[in-house]
Amino acid sequence: MGRVVVIGAGIVGACCALYAARAGWEVVVVDREGVAAGTSSHGEGNLLVSDKGAGPELDLMLSSRRHWLALGDELGREGLELDEKGGLVVAASEAAADVWRAFATGQREVGVLAEEVDPVDLEPRIVDGLAVGVHYPQDLQVQPVLASQTILEAATRLGAVLRSGSPVVAAQRTASSSTWRLRLGDGTAVEADRVVNAAGPWGGEVSALLGGPVPVLPRRGFVLVTEPVGPIVRHKVYSADYVDNVGSSDAGLQTSCVVEGTRGGTILIGASRERVGYDRSMDPDVVRRLAAQAVALFPVLADVRILRTYRGFRPYCPDHLPVIGPDPRCPGLVHACGHEGAGVGLAPATGAFVAAMLSADHGRAPVEVDGVATAPFAPGRFGEAVPA
Amino acid sequence: MTALTTFRFDDRDVPYRPGQSVGAALTACDIRSWRTTPREGRPRGLFCGIGICYDCLVTVDGMPNQRACLVLAADGMRVTTQEGVGER
Amino acid sequence: MTGADVVVVGAGPAGLACAVTAVRHGLTVDLVDAGWAVGGQYWRHPAPVEGADGAGAVTAGEVAHLHHDLPTYRALCSRLEEAVAAGRARTFLGHEVWTVGRRDGGWEVAATQRRAAGGRHAPGGGELRVAAPALVVATGAYDTSLPFRGWDLPGVMTAGGLQALLKGHAVAAGRRVAVAGSGPFLLPVAVGLAESGAEVVGVYEANPPTRWGRHLPAVARNVAKLAEGAEYAAALARHRIPLRTGRMVVEALGTDRVEAVTVARLDATGRPRPDGRTTVAVDAVGVGWGFTPVVDLAVTAGCATTRTDDGRHVVAETEGRTSVEGVYTAGETTGVGGAALALAEGERTAYSVLADRTGHDPDAARLRHLDRRIAALRSFAAAMAQAHAVPAGWVDATAAETLVCRCEEVPRAAVDHALRDREARDARQVKQLTRAGMGWCQGRVCEAGCRALVADRIGRPDRSAATERLVAMPVRMRDLLGTP
Ligand SMILES: Cc1cc2nc3c(=O)[nH]c(=O)nc-3n(C[C@H](O)[C@H](O)[C@H](O)COP(=O)(O)OP(=O)(O)OC[C@H]3O[C@@H](n4cnc5c(N)ncnc54)[C@H](O)[C@@H]3O)c2cc1C
Ligand SMILES: Cc1cc2nc3c(=O)[nH]c(=O)nc-3n(C[C@H](O)[C@H](O)[C@H](O)COP(=O)(O)OP(=O)(O)OC[C@H]3O[C@@H](n4cnc5c(N)ncnc54)[C@H](O)[C@@H]3O)c2cc1C
Ligand code: FES
């Protein structure tokens, strides 16, 4: 064991820090700003199994879900605002319903609970005349900022240290061994035996300066927050066409909203998907589209006001899978980024993966962690690809 | 001042002068609060007076969360004390 | 007229002056304001009521005695009316601008209508969307508030709120009223209340007048301000309103509404002294610590901001030009300086728009005059900000259970906990851990208190960026439907 530096104090970095600390590593978390200053405070906290078709991401999510419940027991659900809220997917037409039924059949085979329901039974205020609803009791929710903070504090109790306020600007590897020297923007340096790239959407840039580039790009999303209205919406509700959008690689604007109530009484409506780089400018048309879709699902929302909108940048990989694992080109470097719109959900399993990989010999990652195959996430899958 | 015009606030009639907001008319009648907060049930009324603070929220004609400092009073309007986030 | 040359948001002194100047020099203007009458905060007027409904209505004449410099206001109004009649300007009153965005190389302002009289939304609802190559953000300011014990009791208001009730509705907020905080603005509020029949039990100004001593040159450049001060002093005396300096309201007392306030003297370091406190019976109190610029639309448009010494964010500009091409600003958004400065800046900004749109500066002498006037008034504003700073010991007027965030009901203890026991190091992190600033007002009210608490607890000014509010006013989803 030695020292591991985790770059990034978002939800993924926090989980990596905790699981590494539990495995006995001396952990230093470096963030250029602070805890959850990046995407983890600019998205939502849906932990969805429902939107993932059978495959590696769903396997990872099912494992992560068990980790989340365990973290809830260990650290207290309150500190994470962990809620077993359940999801409800609805389809307006019989044709869409059939497509979703086939999708759900595949999910059930790998252990997802998915039950056909009359949407009105679960959501009394939902629009009339929907063809079908599928209830996913395993969908959870957390508050990502609180969760990042609480998880990082748990790591701190095991000796982890947070250095915030200064970015990693350069990295050197000693020729002889896999020891690293990371230089920070404030002129100081940190030594490390292992480095974890948990820089979210900036994972591409950070990987490049570490010498092991992986293709991570930002995909913008807007979220709407309404005035507090009380319990109008009880589950995470979205329409069946959502999954097509999530899986799409189209750069153009896609919106298909997920509507959910929060503890504060506000309703969250998210989210759009758009590849526009780090363009932060306000796009009123996105707000209009999301609002129209939300009202179509819940007509009562027509008279509800939007108080706020914000946008974040999902860390996006071309094949829509995160990059988790040791970099074959750089001994001692482990990537943990590119989780796109599911990084909160996948964070604890990612932490467990990383902890298992830190101690593995260079380039020889365990084939499975918690029974989940590691190969689909391996950085090596991009070949020698450099970020576009 | 002769007040010919009134609106209904809970179970009483409140006189107002056209052009006045609901909050101004209630204040002129020495009524200071028309909402209780969601968490602690504390009474609230006007604070900023110009539409910034949202402390003055009230239910008007069945629609909760209206700013009393801005909504102009009108004849026959039904204004009701709002508890928490109100009902829809 | 389709598509004006300029769209101006805000019809206060700055926006009015800007619009009228732009029209005079040949530009067409769309002027949008949330209020029912033009004039902004300074020249706030009752909502006009027309026709048969007007019997007994509050009239502009009735509140005229509360106003200053009405001839200027009337001149601006009549020039605006002429421009509207000539098809050179359009005014959209009662329209809340919820956001701005780029459109076709220019800027689009998106607004929804306020509930009209009758309590119902404007027929059809929907959005007003006006676009122009140039956008002027003249959205003014609102009262800066700081928490103190009991400040959420009904009857405790901002000083500006008291004034708005008087000017906009001809209503005095109470029969026995205290006015407190800091700044020359407390004086017209107190005088206005007294003239409207209220008893003003005292004006409690936190700062001693000696703090002006260091700024005599700035005062000398602005004799008009001196005369104004003397006028208020005379009016206070006439109405027997006690002006008590070096004092602040440290607590509002009462169960369901304010019944009294506790006033403390401040020591030399600005801490409320434990001895010699007095309790004064009141049924209303207005507290103001100066004003906070409304920079939301400018920030949404991407404009850079700077932080003033007192921790407020203002839009960065030169001669009204922001850091973003095509976006301009004037008035309190550039730093709080009052109506006279807002007027001068509004006119100055119109000339910048004109130069950029048409390539010529029409009136060099006028520009020189305006630039001198703006410089002098800004030096006065800077002096005022220092002479009327928030006293260092303001936190002593709060208790652990005092709500910092009124909307989300977050007590000071929660903020202290986030700063002391968790990883919060700035106001942004405090907000995320405590929800302070996440409620209805989106932090407009509590942000000053939160930032000041952070500064107090960590021993240096809060460095978090200007809060981004991409939605400047809450917008009903119904109004967004059908306008793709
Ligand atoms: C609109 C929207 C909605 C979303 N909804 C959901 C959802 O419902 N469920 C879900 O699971 N996921 C959701 N996501 C995705 C999720 O938010 C992300 O996948 C997740 O937050 C990524 O976490 P992270 O820790 O990898 O990255 P981040 O939280 O971005 O953390 C990366 C950190 O790295 C730091 N950093 C970057 N460069 C450097 C450097 N050079 N040196 C030091 N530090 C550096 C940054 O400051 C940052 O704090 C959503 C995202 C968006 C945008
Ligand atoms: C409540 C209050 C009372 C005041 N009273 C006085 C006084 O009596 N004497 C004095 O000297 N100073 C007073 N002031 C100080 C005031 O800031 C200046 O005197 C002066 O009004 C500033 O002029 P301005 O044009 O910059 O802004 P303002 O006069 O504030 O005008 C800004 C205008 O923009 C509009 N606006 C803002 N955002 C939006 C939006 N999103 N959509 C549509 N419209 C919008 C507002 O409705 C407002 O009419 C007061 C301030 C406040 C807050
Ligand atoms: S009193 Fe502040 S919004 Fe009405």
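Computed from a prediction, not measured in an experiment: that's the story for all the values here.

Q: Where do I start with the overall build of chain A in this structure?
A: Each helix and strand counted, chain A has 10 helices and 21 strands in total. For chain A, whose C-alpha radius of gyration is 21 Å, the value lies close to the compact-globule estimate of 21 Å for 388 residues. The principal-axis extents of the C-alpha atoms in chain A amount to approximately 70 × 40 × 40 Å. Taking all 388 residues of chain A together, the buried fraction comes to 61%. Long-range contacts, defined here as pairs at least 24 residues apart, represent 74% of the contacts in chain A between residues at least 6 apart. In the structure as shown, chain A presents an accessible area of about 13100 Å², 52% of it carried by carbon and sulfur atoms.

Q: Would you mind going over helix α6 (residues 144–157) of chain A with me for this structure?
A: Residues that lie three or four places apart on an α-helix share one face, since the helix turns once every 3.6 residues. All names here are of chain A. For α6, which comprises 14 residues, the first-to-last C-alpha distance of 20 Å matches the rise-based estimate of 20 Å (1.5 Å per residue) to within 8%. By the criterion of burial, α6 is predominantly enclosed, with 12 of the 14 residues buried. Where α6 begins, one side-chain oxygen reaches toward the backbone nitrogen of Val-145, 2.8 Å away; that side chain belongs to Gln-143. Two residues or fewer past α6, Gly-159 is found with a positive phi of approximately 105°.

Q: How do you make sense of the site of ligand 2 when you look at a structure like this?
A: Around ligand 2 there are 30 residues in total, and C:Asp33, C:Val97, C:Gln163, C:Lys167 and C:Glu332 lie nearest to it. In this structure, ligand 2 is bordered by residues of chains B and C. Measuring from a nitrogen atom of ligand 2, one finds a backbone N or O atom of C:Val97 at 2.9 Å. The separation between an oxygen atom of ligand 2 and a polar side-chain atom of C:Lys167 is 2.8 Å.

Q: How should I be thinking about unusual backbone geometry in this particular structure?
A: Glycine aside, the phi torsion of most residues is negative, and most peptide linkages are trans. The omega torsion across A:Gly270 and A:Ala271 is -10°, close enough to zero to call that bond cis. Although it is not a glycine, C:Asp69 sits at a positive phi angle of roughly 55°. If you trace the backbone, C:Asp69 turns up in the loop between β2 (29–32) and α2 (70–85). Located in the positive-phi region is C:Glu409, a residue other than glycine, with phi close to 55°. Along the polypeptide, C:Glu409 turns up in the loop between β21 (403–405) and β22 (410–411).

Q: Explain the domain arrangement of chain C to me, please; I cannot follow it from the model alone.
A: When the parts come together, some accessible area is lost, and that loss is often what is quoted as the size of the interface. All names here are of chain C. Splitting chain C by domain gives domain 1 (6–142 + 291–362), domain 2 (147–288) and domain 3 (398–458). Look at where the C-alpha atoms of domain 1 and domain 2 centre, and you get two points 29 Å apart. Taken together, the contact pairs 15 residues of domain 1 with 13 residues of domain 2. A buried area of about 1000 Å², summed over both sides, lies between domain 1 and domain 2, and 60% of it is on carbon and sulfur atoms. A per-residue breakdown of the area domain 1 buries against domain 2 is headed by Arg-44, Leu-66 and His-68, which together make up 46% of the total. Applying the counting criterion to the domain 1 and domain 2 interface returns 0 salt bridges. Where domain 1 touches domain 2, the interface holds 3 residue pairs in polar contact (both at pLDDT 80 or more). Across the side of domain 1 that touches domain 2, the residue classes tally to 7 nonpolar, 6 polar and 2 charged.

Q: What is the right way to read the UniProt feature "domain: BFD-like [2Fe-2S]-binding" (unreviewed entry) in chain C from this model?
A: The UniProt entry lists residues 403–454 of chain C under the feature "domain: BFD-like [2Fe-2S]-binding" (unreviewed entry), expressed in the numbering used here. Taken end to end, residues 403–454 of chain C comprises 48% helix and 10% strand; its first and last C-alpha atoms sit 15 Å apart.

Q: What is the right way to look at the site of ligand 1 in this model?
A: Residue and element names in this part refer to chain A. In the vicinity of ligand 1 lie 38 residues, with Asp-31, Ser-40, Asn-46, Glu-340 and Gly-345 positioned nearest. In the environment of ligand 1, an oxygen atom lies 3.3 Å from a nitrogen or oxygen atom belonging to the backbone of Ala-342. Val-344 is positioned with one of its backbone polar atoms (N or O) 2.9 Å from an oxygen atom of ligand 1. Calculation on ligand 1 without its partners gives an accessible area of 1000 Å², and the protein chains cover 97% of this total. Going through the elements one at a time, α1 (11–22), β2 (26–31), β13 (217–226), β17 (305–316) and α10 (343–358) are the ones with two or more residues in the shell around ligand 1. At 4 residues, the largest contribution of residues to the shell around ligand 1 is made by β17. For the shell around ligand 1, the class distribution of residues is 18 nonpolar, 15 polar and 5 charged.

Q: Which parts of the structure should I look at to understand the pairing of strand β10 (residues 176–181) of chain C?
A: Look at any regular strand and the pattern is simple: side chains alternate between the two faces of the sheet. All names here are of chain C. Along β10, 5 of the 6 residues are buried, which leaves the element largely enclosed by surrounding structure. Crossover connection from β10 via helix α4 (residues 186–195) to parallel strand β11 (residues 199–205): handedness right-handed. Bridging between β10 and strand β16 (residues 284–288) involves 5 bridges; their strand directions are parallel. Bridging from a neighbouring strand, Val-177 pairs with Ala-284 of β16.

Q: Looking at this model, I keep getting lost on the sheet that holds β16(C). Mind explaining?
A: Backbone hydrogen bonds hold the strands of a sheet together, and the pairing may be parallel or antiparallel. Residue and element names in this part refer to chain C. Strand order in the open sheet made by the 5 strands is β9-β16-β10-β11-β12, with parallel pairing throughout. The sheet terminates laterally at β9 (156–158) and β12 (243–245), the two strands that pair on one side only. Each strand axis lies, on average, 20° off the axis of its neighbour in the sheet, ignoring direction. Where β9 lies against β16, 3 bridges are found, and the strand directions are parallel. Considered in β16, the bridge of Thr-158 is made with Val-287. Contacting β9, β10 and β16, helix α3 (residues 159–169) crosses the sheet at an angle of about 85° to β9.

Calculation rules
- Residues numbered from 1 in each chain as written.
- Chains lettered and ligands numbered in written order.
- Predicted model: local features only at pLDDT ≥ 70, side-chain atom pairs only at ≥ 80, totals over all residues.
- Heavy atoms only, no water.
- Helix = DSSP H or I, 4+ residues; strand = E, 2+ residues; numbered from the N terminus.
- Rg over C-alpha atoms; globule rule 2.2 N^0.38 Å.
- Buried < 20%, exposed > 50% of the residue type's maximum accessible area, 1.4 Å probe, protein only.
- Contact = heavy atoms within 4.5 Å.
- Areas by Shrake-Rupley, 256 points an atom, 1.4 Å probe, with all protein chains shown as cover.
- Expected span 1.5 Å × (residues − 1).
- Polar contact = N/O pair within 3.5 Å; in protein donor to acceptor, adjacent residues only side chain to side chain.
- Near = heavy atom within 4 Å.
- Domains from an automatic or database assignment.
- Buried area = accessible area lost by both parts, 1.4 Å probe.
- Salt bridge = Lys/Arg side-chain N within 4 Å of Asp/Glu carboxyl O.
- Nonpolar A, V, L, I, M, F, W, Y, C, P; charged D, E, K, R; others polar.
- UniProt positions renumbered as here; feature names shortened; annotations may be inferred.
- Right-handed = clockwise from strand over helix to strand, strands pointing away.
- Pairing = 2+ DSSP bridges.
- Axes fitted to C-alpha atoms, helices over the stretch in contact; angles between N-to-C directions.

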